[in-house]
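Structure assessment
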Amino acid sequence: MPGVYRVDLLTRQVASPDVDWSYGEPTEMLTPRNSEDFMDEMGESSGAYIVRIPFGPKDKYIPKELLWPHIPEFVDGALSHIIQMSHVLGEQIGSGKPVWPVAIHGHYADAGDSAALLSGALNVPMLFTGHSLGRDKLEQLLKQGRLSKDEINNTYKIMRRIEAEELSLDASEIVITSTRQEIDEQWRLYDGFDPVLERKLRARIRRNVSCYGRFMPRMVIIPPGMEFHHIVPQDGDMDSEVEGNEEHPSSPDPPIWSEIMRFFSNPRKPMILALARPDPKKNITTLVKAFGECRPLRELANLTLIMGNRDGIDEMSSTNASVLLSVLKLIDKYDLYGQVAYPKHHKQFEVPDIYRLAAKTKGVFINPAFIEPFGLTLIEAAAHGLPIVATKNGGPVDIHRVLDNGLLVDPHDQQSIAGALLKLVADKHLWARCRQNGLKNIHLFSWPEHCKTYLSRIASCKTRHPQWQRSDDGGESSETDSPSDSLRDIHDISLNLKFSMDGDRSGASGNDNSLDSEGNDRNSKLENAVLSWSKGVLKDQRKAGSGDRIDHGSSTVKFPALRRRKHIFVIAVDSDSNEDLLDAIRKVFEAVEKERIEGSIGFILSTYMTISEIQSFLVSGGLNANDFDAFICNSGSDLFYSTINPEDGPFVIDFYYHSHIEYRWGGEGLRKTLVRWAGSVTDKMEGNEEHIVTVAEHLSTNYCYTFEVKNVGRVSFLS
């Protein structure tokens, strides 16, 4: 596509006799179809490349389920390639500055896991396509009842796959799906996505209202593209093709046509075509029943079932063999000989000829599956001029909405299936209209259309680049990143507080214990505190002005200054005494005294202490609260900032932080487990069973569970 300079497809390098030699090539350039048209615009390293990264066993091709332990090795190799290529492109087209990828797109769970790590390391927007989702596969396998959950996990490493998909959800800006069904029925199974909450978040983002640390990727439906330039829809019919004449002799029929036609007593009747493997989910038996029990349909049409390739039924899998035997029994039951074709073999390149044959007979393509994730065959059929009948469950709904070239049916209702087929076969005007609609709109599923939509979505991502490449020209203080952006939601404080405290009540992700019994009183206190804080921020902004320099040593340092720092030091020192911690802090301050005074460096103190203990510690050590930008206290369960309004006290709590912890928190389950563990740690020596570890309720908070150890020596011995 014009405007895309380079695409790198990163995959695994394998040098093994089990696979083609090209799998061992480190780099392979993919030649554009019309490369001569772009040669003038293409640069030295432009184009599309397959880049193979060596990881895992060097000379062995292994299943994807066994690749998980080697993912970090792939990420290291990929990161090295991206950094190296960024400098190469920088010399060629970037005026000496590195040229970074505009986006990283992970396909399937293992690549999503890798892309999430690369996106985080490079600060580049991530996109993700799951293709096949672990939670959905786990549900389907459990329903079949042939394997237990442990057996499924051992075979497919399904829990590791699900973990990777959850990570991909959390890291992605955009998740690309083929259909609405993937979003509503498959992604909803994940902790990182909730369709209802996602819509609320999008509405809040559009209104510039804070989401309190909650994030969900944007779900975007982009159907896969197809090549249509080589397809010529069949315009003739059986009579005109067969007869021909001396001036325009008809071309020889493809061999697959005679292979199918030999089944029929009257091969000129419209053909109902189904192309699916003999799997119970494809619902072929219901289609045969519908055809067999509808006499008008049998009189008007033939039925062709392309059910893969087989040599003998006994050599098929038990499931596929069972479906095929059921089909044969139904053909015998309804005496459909001469009306149903079920050839044993066909080659992949003959599939277009099968579509052409069905279109020549003015037939219909049908997909009666119980659920169809996408439905690529429906698009192929439409491109050849075939109207469609398809299941109303899954991807065909989206395809029909675009093409409007057929009818949707309930796959469980054979009368509905027979009625839709009969309607299209009998009504020639309806058949012609559906055919024309399909041909008119099929370009919307072409590769160029796919690419245009895809690139427009990438363009909507915020351009980023590695943090270590940030310039020192003050760009971080641009309008979009200015401190005032984080304060816009203050104007809608009531909605913010309602979202923060009541959001979990609707069943969204979070902990049911996030609301305490004080209810309205707590709400009132929170609202008053935040309103007071907001007034201080706005007053300080008016006082300081956007161009004023803030002196780090003055009392006017506010947490927005955190954004202006070039570097942040987090001091997290384990100490036996406060004196040791104080000594460590002073040494750090002395080491960067100049930068500290200038304000280019900020500090955060991370400690087990509560905020009141921190205040006492600062006073006793002769330190000021404004020496730090923030305080992570209670072992990481609370976040405070130096006050922006001295009248409100030395610290202000971050309400966003608690809401951020609530996301997939599960704290109550953790607390119960820890309490059970503490109860099991007893001193059984000398005949007594005294509890060594007990719950310290007076020291615990909502997000920090504290325990007291009565005999440290005994705990060490027991551990």
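So, here is what we can say about the structure in this document. Since the structure is predicted, the reported quantities are computational estimates derived from the model, not experimental observations.

We now examine the environment of Q348. For Q348, the position within the fold is in the loop between β10 (340-341) and α14 (351-360). Along the chain, Q348 and G308 lie 40 residues apart, while their C-alpha atoms are 9.7 Å from each other.

A separate point is the nonpolar core. In this structure, I260, L305 and L421 are the most contacted members of the largest nonpolar core, which totals 70 residues. In this structure L305 touches A274, I284, L287, V288, V327, V340, A341, Y342 and P343, once residues within four positions along its chain are discounted. Formed by 42 residues, the second largest nonpolar core is a distinct cluster that contains I53, A116, L118 and V175.

It is worth spelling out a negative patch on the surface at this point. The grouping of D574, D576, E579 and D580 at the surface amounts to a negative patch. Tracing the backbone through its elements, the reader meets D574 in the loop between β14 (567-571) and α22 (578-591).

Once that is clear, we can look at the packing of helix α3 (residues 108-122) against helix α6 (residues 158-171). Running from N to C, α3 and α6 point in directions that differ by 45 degrees, and their axes come no closer than 8 Å. The angle between α3 and α6 places the two elements in the oblique class. α3 and α6 meet at a crossing whose hand is left-handed. On the side of α3, the interface is formed by Y108, A109, G112, D113 and A116, while α6 contributes R160, R161, A164, E165, L167, S168 and A171. Across the contact of α3 with α6, the residue classes break down as 6 nonpolar, 2 polar and 4 charged.

Judged by how many residues are buried, strand β9 (residues 302-306) sits mostly within the fold: 5 of 5 residues are covered. In β9, alternate side chains face the same way, and those of N302, T304 and I306 on one face and L303 and L305 on the other are all buried. Summarising the sheet, strand β8 (residues 271-275) and β9 pair through 5 bridges and their orientation is parallel. Directly across from M271, in β9, lies its bridge partner N302. Relative to β10, β9 is paired through 2 bridges, and the arrangement is parallel. Pairing of L303 across the sheet is with V340, part of β10. Taken together, β9, helix α13 (residues 318-333) and β10 form a β-α-β motif whose crossover is right-handed.

Closest axis-to-axis distance for the helix α11 (residues 284-293)/α13 pair is 9 Å, and the angle between their directions is 5 degrees. Accordingly, the angle class assigned to the pair α11 and α13 is roughly parallel. Residue-level contacts link I284, T285, V288 and K289 of α11 to V323, S326, V327 and L330 of α13. The residue makeup of the contact of α11 with α13, split by class, is 5 nonpolar, 2 polar and 1 charged.

This part takes up the packing of aromatic side chains. Under the counting rule described, the total for this entry stands at 11 aromatic pairs. Ring-pair connections join several aromatic residues into one group, and the members of that group are F569, F589, F603, F628, F631 and F651. Directly above the aromatic system of Y49 lies the positively charged group of R6, at a separation of 4.0 Å from the ring centroid. Here the guanidinium or amino end of R596 rests over the ring plane of F589, the centre of that ring lying 4.4 Å away.

A few words now on α3. Compared with the 21 Å implied by 1.5 Å per residue over 15 residues, the 20 Å span of α3 between its first and last C-alpha is a close match. Burial runs high along α3: 11 of the 15 residues are buried. Among the structural elements, α2 (71-93), β4 (104-107), β5 (126-129) and α6 are those in contact with the buried residues of α3. N123 lies just past α3 and shows a positive phi near 55 degrees.

Now for a nonpolar patch on the surface. Taken together, M1, V4, V7 and L455 make up a surface patch of nonpolar side chains, about 290 Å² in accessible area. The topology assignment puts M1 in the segment before β1 (6-12). Judged by relative accessible area, M1 falls into the partly exposed class, the value being 44%.

We now examine helix α25 (residues 655-662). Residues H658, S659, I661 and E662 constitute the buried set of α25. Seen along its axis, α25 keeps its buried residues to an arc of 155 degrees; they face one direction.

Below, the discussion takes up the side chain of S114. Mapped onto the elements of the fold, S114 is located in helix α3. Judged by its relative accessible area of 2%, S114 is buried. At a separation of 3.0 Å, a polar atom in the side chain of S114 contacts the main-chain carbonyl oxygen of D110. When near neighbours in sequence (up to four residues on either side) are disregarded, S114 contacts I71, F74 and V75.

Let us now look at the pattern of salt bridges. This structure, assessed with the given rule, holds 20 salt bridges. Among the ionic pairs, E166 bridges to R135, the shortest N-O distance being 3.2 Å. With E166 in helix α6 and R135 in helix α4 (residues 134-144), the pair connects residues that are 31 residues apart, well separated along the chain. Assessed through its relative accessible area of 4%, E166 is described here as buried. Judged by relative accessible area, which is 23%, R135 ranks as partly exposed. Across the pair E593 and R596 runs a salt bridge whose closest N-O atoms are separated by 3.4 Å. Of this pair, E593 and R596 are both found in helix α23 (residues 593-598), 3 residues apart, which corresponds to roughly one turn of the helix.

Rules behind the numbers
Residues take numbers from 1 onward in each chain, read along the sequence in its written order. The predicted origin of the model limits local features to residues at a pLDDT of at least 70 and limits the giving and counting of side-chain atom pairs to 80 or more, whereas totals for whole chains, interfaces and linings rest on all residues. Calculation of side-chain values draws on the structure's entire complement of heavy atoms; hydrogens and water are dropped beforehand. Here a helix means four or more residues in a row that DSSP labels H or I, a strand means two or more in a row labelled E, and each is numbered from the N terminus. Here, nonpolar core refers to any group of buried Ala, Val, Leu, Ile, Met, Phe, Trp, Tyr and Cys residues whose side-chain atoms link them within 4.5 Å. The buried label applies to any residue whose accessible area, calculated with a 1.4 Å probe on protein chains only, is under 20% of its type's maximum; exposed applies above 50%, and partly exposed to all values in between. Contact definition: two residues touch when any of their heavy atoms are within 4.5 Å. Distance thresholds for patches are 9 Å for like charges and 5 Å for nonpolar side chains (Val, Leu, Ile, Met, Phe, Trp, Tyr), applied to residues having over 30% relative accessible area and no salt bridge. The accessible surface values rely on the Shrake-Rupley method and a 1.4 Å probe; as for residues, cover is taken only from the protein chains in view. Throughout this description, the term salt bridge denotes a Lys or Arg side-chain nitrogen within 4 Å of a carboxyl oxygen of Asp or Glu. Charge convention: Lys and Arg are scored as positive, Asp and Glu as negative, and His as well as the terminal groups of each chain are ignored. A charge is said to be at NZ when it belongs to Lys, at CZ for Arg, at CG for Asp and at CD for Glu. Axis lines are fitted to C-alpha atoms, over the contacting stretch for helices. Their N-to-C directions set the angle, which ranges from 0 to 180 degrees. In this scheme, roughly parallel covers angles under 35 degrees and roughly antiparallel covers those over 145, while 65 to 115 is roughly perpendicular and the rest are oblique. Each crossing gets its handedness from the near helix: less than a right angle anticlockwise from the far helix is left-handed, clockwise is right-handed. Note on residue classes: Ala, Val, Leu, Ile, Met, Phe, Trp, Tyr, Cys and Pro are nonpolar, Asp, Glu, Lys and Arg are charged, and everything else, Gly too, is polar. Any two strands are treated as partners once DSSP identifies two or more bridges connecting them. Handedness of a crossover: with both strands directed away from the viewer, a clockwise path from the first strand across the helix to the second marks it as right-handed. Think of it this way: a Phe, Tyr or Trp ring, Trp meaning its six-membered ring, pairs with another when their centres are within 6.5 Å, and the plane angle makes it stacked under 30 degrees, edge-to-face over 60, tilted otherwise. Whether a charge sits over a ring comes down to the Lys NZ or Arg CZ being within 6 Å of the ring centre and within 35 degrees of the ring normal. In this scheme, a helix's expected span is set at 1.5 Å multiplied by one less than its residue total. The directions considered for the arc are those from the helix axis to the C-beta atoms. What qualifies as a polar contact is a pair of N or O atoms within 3.5 Å, subject to a donor-acceptor requirement within protein and to the restriction that residues adjacent in sequence count only when both atoms come from side chains.

The quantities given are spatial measurements derived from coordinates; they are silent on function.
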